[in-house]
Amino acid sequence: MAARSLAIRVFVVLISCFLCACGSGAEQDKSASSASGSQSAQTESDAQGGQASAQIPSSPEQGGMLVRGLIGEPSNLLSPLASDSASMEVTSMLYVSLVRYNKDIELEPYAAKSYEVLDGGKRLRFVLRQGILWQDGQELTADDVEFTWRMMVDPKTPTAYSENYKRVKEFRKIDRYTFEIVYDKPFAKALVSWAMDIMPKHILQGENLMNTRYSRNPVGAGPFVLKEWKAGQSLVLAANPQYFLGRPHLDGIAFKIIPDSAAMFLELESQNLDYMGLSPQQYLFQTKGPSWEQNFKKFKYLSFGYNFVGWNFKKKLFQDKRVRQALAYGVNTDAVIKGVYMGFAEPTVGPYKPGTWVYNTKLKPYPYDVAKAKALLAEAGWTDSDGDGVLDKDGKPFSFTILTNQGNEQRIKIATIVQANLKDLGIVVKMRTVEWAAFLKQFLDTANFDAVVMGWTIPQDPDIYNVWHSSKAVAGGLNFIRYSNPQLDELVAKGRDLMDQAERKAVYDRAQEILYEEQPYLFLCVPQALPVVSSRFQNVSTAPAGISHNLEWWWVPKMMQRHTLEP
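This one's a predicted model, so the numbers in the text were calculated from it and none came from an experiment.

Q: Summarise the overall build of the protein chain; cite the residues concerned and give the values.
A: Counting secondary structure elements, the protein chain contains 17 helices and 22 strands. Here the C-alpha radius of gyration of the protein chain, 24 Å, is about what a compact globule of 567 residues would show, namely 24 Å. If you line up the protein chain on its principal axes, its C-alpha atoms span 75 × 60 × 45 Å. Across the 567 residues in the protein chain, those meeting the buried criterion constitute 62%. Looking at the protein chain as shown, the accessible area adds up to about 20400 Å², and 48% of this sits on carbon and sulfur atoms. If you average the places of the 62 positive and of the 61 negative side-chain charges in the protein chain, the two averages end up 1 Å apart.

Shown next, in the form of structure tokens:
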């Protein structure tokens, strides 16, 4: 419940969460930046390596391509219909939204020239920039925004993000570029929700969104357009010469689908990739020496995502709170942080990033306590009645399968630690990995699993309605563990209506207390993002939004341009 890895694409990070195919990786966002900036990442204190600055021209040069890896194939390039990181990494380059976050995570106009918050937050007025063109030459207007809103609230639209738009009472079109959004009552996420990608009315009106060719051949107005998609192999984007902020410096971006992180690293090492997220082992031990220091730049910062083990509430095995608490006590999270992330992670007690205003600092991670875990399991009726070393109840052994996505070595290692720890409690854990697209469609969407090791992005706004409200515990919903708690439902609904941060803090503190007590997820940690970029690329710099906040303005000196876009 995982947009410029993998951390903030505005549409998903602002509006909800999205499922991450990758562990720690290159983050994703769509933030404002200067087209004329030329600061090189080797000047950053937390970046390592880089070409000699004497070789770098003083102003950006056009051309070249960025080659990236994707561990999974996108499910849909109509972004409102997708909830996976692979799709969002691509769509983040294809569309525009009314507002977006800049590099400092401050909301600002994007496709909108201006906006006003009126009537105490119950009315928003937007004025669009004139002259924004879809890639087919049609102008983007208020009609497209209205169409996108109506598409989002249409019951036939297969989207997980409709709730924000169902709050709208009225869409008032004033003229071709001016419109108002009216709400019955103030909505905390009203403005932020319009970071949603705008869809083209003239293309999608009348289309069957469940079976439209535009899910693989999208028409956008963003900095890049889709040029080619070879299923199971690659996607190629080309610079959009009509992009309203100016043509990107790069000619294009190629995404190579490599469903194994070790294989992806070998491609990076051979310089067939320019950009990927490193594992801690790769960051610490496999990217040292003169060649790496000359050819790549490494970065490190706390990511906008957390990893967890989710328990399926359709399975009777996990319906007892004492069992879930026992599992929390029985898994050594410190071992996960040290063994899987080499210390490049921070423990978390809930769905928020440590150090942010909404994080409940009164809650502390469950300690590793085997005796406590065994006591809770016994209290719940799980004992080794036949002396075979495996807990049983009513004649059934405590055994389940933990599922994660293929190619993600970190999650496989997490599952291995969980398996070993729970064996000490008398619990049999089997492991299974599945290819990303099948993992989403055949298992998560249908709740066809026992437990999963997964990751979510962490939204900038603390609203967690789409992931935790019981109304989302349906096929294709983001509450794929099918968790339901009336008190939590009330809190996550109330939090959306409050405008005062202190009042919201109280609500979300209580929501975190419920999740902490109930343990529907075993919350593990927030890993460090460890992206690496070829040192040929300039204007790459860290910011609160990550490193790819200005990816459309990265550039490569002509003498260093290695990959070209074929006509």
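Q: Explain the packing of aromatic side chains to me, and be specific about the residues and the numbers.
A: Under the definition given, this model contains 33 aromatic pairs. Centroid distance Y306 to F523: 5.8 Å. Interplanar angle 45 degrees. Geometry classified as tilted. Here Y306, found in strand β14 (residues 305-311), pairs with F523, found in strand β21 (residues 521-529); they are 217 residues apart in sequence, far enough to count as distant. Look at Y306 and you get buried, because its relative accessible area is 2%. A connected cluster of aromatic rings, assembled from ring pairs, spans Y306, F308, F313, W468, Y483, Y521 and F523. In this structure, K298 is placed above the aromatic ring of Y283, and the distance from its NZ or CZ to the ring centre is 4.4 Å. The residue whose ring lies beneath R496 is Y465, and the NZ or CZ to ring-centre distance is 4.4 Å.

Q: Go over the sheet that holds strand β4 (residues 112-118) with me, naming the residues and quoting the values.
A: The four strands lie next to each other as β4-β5-β7-β6, forming an open sheet whose pairing is antiparallel. With one partner strand each, in any of the chains shown, β4 and β6 (168-173) form the two edges of the open sheet. Direction aside, the axes of adjacent strands within the sheet are offset by 15 degrees on average. Where strand β5 (residues 123-128) meets strand β7 (residues 178-183), five bridges bridge the pair, whose relative direction is antiparallel. Paired with R123 across the two strands is V182, which belongs to β7. Packing against the sheet, helix α3 (residues 142-153) makes contact with β5, β6 and β7, and its axis sits at approximately 160 degrees to β6.

Q: Summarise helix α13 (residues 409-423); cite the residues concerned and give the values.
A: Under the 1.5 Å per step criterion, the end-to-end length of α13 is 21 Å for 15 residues, consistent within 8% with the ideal 21 Å. Taken together, the buried positions of α13 are Q410, R411, I412, I414, A415, I417, V418, N421 and L422.

Q: Got a sec to walk through the pattern of salt bridges? Specific residues and values, please.
A: One pass over the structure, following the stated rule, counts 29 salt bridges. Put simply, K189 and D463 hold a salt bridge, and the shortest N to O gap is 3.1 Å. On the criterion of sequence distance, the pair formed by K189 in the loop between β7 and α5 (190-193) and D463 in the loop between β20 (451-457) and α15 (465-468) is long-range, its members being 274 residues apart. D463 matches K189 in its accessibility class, with the two residues each being buried.

Q: Which residues make up the nonpolar core, and what are the values?
A: Ranked by size, the top nonpolar core spans 120 residues in total, and within it F126, W194, W468, Y521 and W554 carry the most contacts. Excluding anything up to four places from it in sequence, W468 contacts P351, N479, I481, Y483, L488, D489, L515, P520, Y521 and F523. The next biggest cluster of nonpolar side chains, apart from the first, holds 38 residues, and it includes W382, L422, L425 and A451.

Q: Tell me about the packing of helix α10 (residues 321-330) against helix α12 (residues 370-379), and please be specific about residues and values.
A: Axis separation between α10 and α12 bottoms out at 8 Å; the angle between their running directions is 165 degrees. With respect to their mutual orientation, α10 and α12 come out roughly antiparallel. Read as a crossing pair, α10 and α12 show a hand that is left-handed. Residues R322, V323, Q325, A326, Y329 and G330 of α10 pack against V370, K372, A373, L376, L377 and E379 of α12. Classifying every residue of the contact of α10 with α12 by side-chain character gives seven nonpolar, two polar and three charged.

Q: Residues and numbers for the environment of N295, please.
A: Note on placement: N295 falls in helix α9 (residues 290-295). N295 gets classed as buried once you look at its relative accessible area, which sits at 15%. Sequence-wise, N295 and D274 are 21 residues apart; in three dimensions their C-alpha atoms are separated by 9.7 Å. Of note is the side chain of N295, whose polar atom sits 2.9 Å from the backbone oxygen of S291.

Q: Help me get a handle on unusual backbone geometry, residues and values and all.
A: Peptide bonds are, in most cases, trans, and in most cases residues other than glycine have a negative phi. Positive phi, close to 60 degrees, is recorded for I105, a residue that is not glycine. You can call I105 partly exposed: its relative accessible area is 22%. Positioned with a positive phi, N539 is a non-glycine residue whose angle comes to about 65 degrees. On the secondary structure map, N539 appears in the segment after β22 (531-534). The class for N539 is buried, based on a relative accessible area of 5%.

Q: Could you give me a rundown of the confidence of the model for the protein chain, with the residues and numbers involved?
A: Confidence along the protein chain averages 90 in pLDDT terms, with 90% of residues attaining 70 or more. Ignoring residues within four places in sequence, the model shows residues 1-17, a span with pLDDT below 50, making 133 contacts including any to other chains. Note on residues 23-49: pLDDT under 50 across the span, and 132 contacts to partners over four residues away in sequence or across chains.

Q: Talk me through the packing of helix α16 (residues 486-495) against helix α17 (residues 501-518); I want residue IDs and the actual numbers.
A: Relative orientation of the contacting elements α16 and α17 amounts to 155 degrees, with a least axis distance of 9 Å. The angle between α16 and α17 falls in the class roughly antiparallel. Judged by the twist between their axes, the crossing of α16 over α17 is left-handed. Mapping the contact onto sequence places Q487, L488, L491, V492, K494 and G495 in α16 and R504, V507, Y508, R510, A511, I514 and L515 in α17. Taken together, the residues of the contact of α16 with α17 sort by class into eight nonpolar, two polar and three charged.

Q: Go over α3 with me, naming the residues and quoting the values.
A: Think of an α-helix as turning once every 3.6 residues; residues three or four places apart then point the same way. Here α3 contains twelve residues, and its C-alpha end-to-end distance of 17 Å stays within 8% of the 16 Å for a straight helix at 1.5 Å per residue. The element α3 is extensively covered by neighbouring structure, given that nine of its twelve residues are classed as buried. A142, D144, V145, E146, F147, T148, W149, M151 and M152 are the residues of α3 that are buried. Elements that come into contact with the buried residues of α3 comprise β5, α4 (163-166), β6, β7 and α6 (201-204).

Q: Talk me through the pairing of strand β8 (residues 224-230); I want residue IDs and the actual numbers.
A: Where β8 meets strand β9 (residues 234-239), six bridges bridge the pair, whose relative direction is antiparallel. Bridging across to β9, K230 finds its partner in S234. Connecting β8 to the next strand, β9, in antiparallel fashion are three residues, including G232 with a positive phi near 75 degrees.

Reading the values: the criteria
- Residue positions within a chain follow its written sequence, with the count starting from 1.
- Selection of residues for local features in this predicted model requires a pLDDT of at least 70, selection of side-chain atom pairs for listing and counting requires 80 or more, and totals for whole chains, interfaces and linings are taken over all residues.
- Note: side-chain values were computed over all heavy atoms of the structure, leaving out hydrogens and water.
- In this text, helices come from DSSP runs of H or I with a minimum length of four residues, and strands from runs of E with a minimum of two, each type numbered from the N-terminal end.
- Atoms counted for the radius of gyration: C-alpha only. Globule rule: 2.2 Å times the number of residues to the power 0.38.
- For every residue, the accessible area obtained with a 1.4 Å probe (protein chains only) is divided by the maximum for its type, and the residue is called buried under 20%, exposed over 50%, and partly exposed between those limits.
- Residue-level accessible areas treat just the shown protein chains as cover; the underlying method is Shrake-Rupley with a 1.4 Å probe.
- For the purpose of charge, His is not counted, nor are the chain termini; Lys and Arg are scored as positive and Asp and Glu as negative.
- Charge placement uses NZ in Lys and CZ in Arg. For Asp and Glu, CG and CD serve respectively.
- When two rings of Phe, Tyr or Trp (its six-membered ring) have centres within 6.5 Å they constitute a pair, described as stacked for plane angles under 30 degrees, edge-to-face for angles over 60, and tilted for the intermediate range.
- Only Lys NZ and Arg CZ are tested; either one counts as a charge over a ring when it is within 6 Å of the ring centre and within 35 degrees of the ring normal.
- Any two strands with at least two DSSP-identified bridges between them are counted as paired.
- To obtain each axis, a line is fitted to C-alpha atoms, and for helices this fit is confined to the stretch in contact; angles are then taken between N-to-C directions over 0 to 180 degrees.
- Residues are treated as being in contact if the distance between any of their heavy atoms lies within 4.5 Å.
- Working rule for helices: expected span equals 1.5 Å times residues minus one.
- Should a side-chain nitrogen of Lys or Arg be within 4 Å of a carboxyl oxygen of Asp or Glu, the pair is scored as a salt bridge.
- Residues enter a nonpolar core if they are buried and are Ala, Val, Leu, Ile, Met, Phe, Trp, Tyr or Cys, with the set joined through side-chain atoms within 4.5 Å.
- Here roughly perpendicular refers to angles of 65 to 115 degrees, roughly parallel to angles under 35, roughly antiparallel to angles over 145, and oblique to all remaining angles.
- For any pair of crossing helices, the crossing counts as left-handed if the nearer helix is rotated counterclockwise from the farther one by less than a right angle, and right-handed if it is rotated clockwise.
- Each residue gets one label: Ala, Val, Leu, Ile, Met, Phe, Trp, Tyr, Cys and Pro are nonpolar, Asp, Glu, Lys and Arg are charged, and the others, such as Gly, are polar.
- The definition of a polar contact used here is a pair of N or O atoms within 3.5 Å, where within protein one atom must be able to donate a hydrogen and the other to accept one, and adjacent residues in sequence count solely through side-chain atom pairs.
- What pLDDT reports is the predictor's confidence in each residue, on a scale of 0 through 100.

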